[in-house]
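Per-entry structural report
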Amino acid sequence: QTKMQIAIDGPASAGKSTVAKLVAKKLNYIYCDTGAMYRATTWKALQMGVSLDDDQALGKMLETMELSFKPNEPEQLVFVDGTDVTTAIRLPEITNNVSLVSAQPSVRKNLTERQQQIASEGGIVMDGRDIGTTVLPNAQVKIFLVASVHERALRRFKENQAKGIDTPLAKLEAEIKARDYKDSHREVSPLIKADDAILLDTTSLDIAQATDEIMKIVKNTE
Ligand code: C5P
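Procedures and definitions
Residues numbered from 1 in each chain as written. Predicted model: local features only at pLDDT ≥ 70, side-chain atom pairs only at ≥ 80, totals over all residues. UniProt positions renumbered as here; feature names shortened; annotations may be inferred. Helix = DSSP H or I, 4+ residues; strand = E, 2+ residues; numbered from the N terminus. Buried ≥ 20, exposed ≤ 12 C-beta atoms within 10 Å, placed from the backbone. Contact = placed C-beta atoms within 7 Å. Core = buried A, V, L, I, M, F, W, Y, C linked by C-beta atoms within 7 Å. Pairing = 2+ DSSP bridges. Axes fitted to C-alpha atoms, helices over the stretch in contact; angles between N-to-C directions.

As annotated in UniProt, the feature "binding site: ATP" (unreviewed entry) corresponds to Gly-10, Pro-11, Ala-12, Ser-13, Ala-14, Gly-15, Lys-16, Ser-17 and Thr-18 in the numbering used here. Relative to the assigned elements, Ser-13 resides in the loop between strand E1 (5-9) and helix H1 (16-27). On the basis of neighbour count, Ser-13 is assigned to the buried category, with 23 C-beta atoms found within 10 Å. Ignoring anything within four residues of it in the chain, the contact list for Ser-13 reads Arg-152, Arg-155, Arg-156 and Ile-176. If you trace the backbone, Gly-15 turns up in the loop between E1 and H1. Taking the C-beta count within 10 Å as the criterion, Gly-15 has 23 such neighbours and is therefore assigned buried.

In terms of nonpolar packing, the biggest core is built from 28 residues, with Ile-6, Ala-7, Ile-8, Val-125, Met-126 and Ile-143 touching the most fellow members. Residues in contact with Ile-8, not counting those within four places in the same chain, are Lys-16, Ala-20, Val-125, Asp-127, Ile-131, Ile-143 and Leu-145. If you look at the next biggest cluster of nonpolar residues, it comprises 16 residues, including Trp-43, Leu-58, Val-85 and Leu-111.

This part covers unusual backbone geometry. Residue Pro-74 follows Glu-73 across a cis peptide bond; omega there is 5°. With respect to the helices and strands, the residue Pro-74 is situated in the loop between strand E3 (67-70) and strand E4 (77-80). In this structure, Asn-28 is a non-glycine residue whose phi angle is positive, near 60°. Along the polypeptide, Asn-28 turns up in the loop between H1 and strand E2 (30-33). Look at Ser-189: it is not a glycine, yet its phi comes out positive at around 40°. One can find Ser-189 in the loop between helix H9 (169-185) and strand E8 (198-201). For Ser-189, a count of 20 C-beta atoms within 10 Å puts it in the buried group.

Pairing within the open sheet is parallel, and its five strands lie in the order E2-E6-E1-E7-E8. Bordering the open sheet on either side are E2 and E8, each of which pairs with just one other strand. Adjacent strand axes in the sheet meet at a mean angle of 20°, parallel and antiparallel pairs treated alike. Pairing of strand E7 (residues 141-146) with E8 involves four bridges; the strand directions are parallel. Considered in E8, the bridge of Val-146 is made with Asp-201. Most of the contacts of helix H10 (residues 207-221) go to E7, to which it runs at about 160°, and overall it touches E1, E7 and E8.

Written out as structure tokens, the structure reads:
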């Protein structure tokens, strides 16, 4: 049985990481959250006072930045130069600035290379925005996961409530729309469905159903 590459792309808060993690677990594959890599880069730039649109300075910063993941439940840990940034990279300050950093060509180049390295042996489920189009164009399975803006904001709202974060639903909808717009309209590797990706709309699917749909696609590919 071959160890496949599975690419899961789509807009913000479509449930990519939740289902990607479950699919990886069922297949005993590695899960790689590429959004966390862009978030970690944004975190370090803010720490160091590097301008978030300074392509050259960000590229230089990444040359020596150590980025690693450590398995953990319920969420894997993310480390930047030895510091645990798992919680920090999910804060609104990062979420609302990450699209600027991720639009810089030198950032995309550096992180894309790291992602290709991580995926090189196969046996991987990778989620992001450009995995099927740019990072792993030869992935055996490509999924483009979407859901309505309202449904995505509602999911984020419920998640936030559980964490004691109190952002109004309308504000979450506006933030999601803004991030989708920026991610879809950047010059380098914009968010777009790969021609050979399968579109999966999860607006009316729960996590288990979405996971099952992807597992069916995987089984049909083997
Ligand atoms: O998936 P997540 O919401 O954590 O991604 C955070 C941000 O990282 C996205 O809004 C996007 O700007 C960027 N990103 C990207 N390419 C990827 C993954 C994430 O540009 N493959």
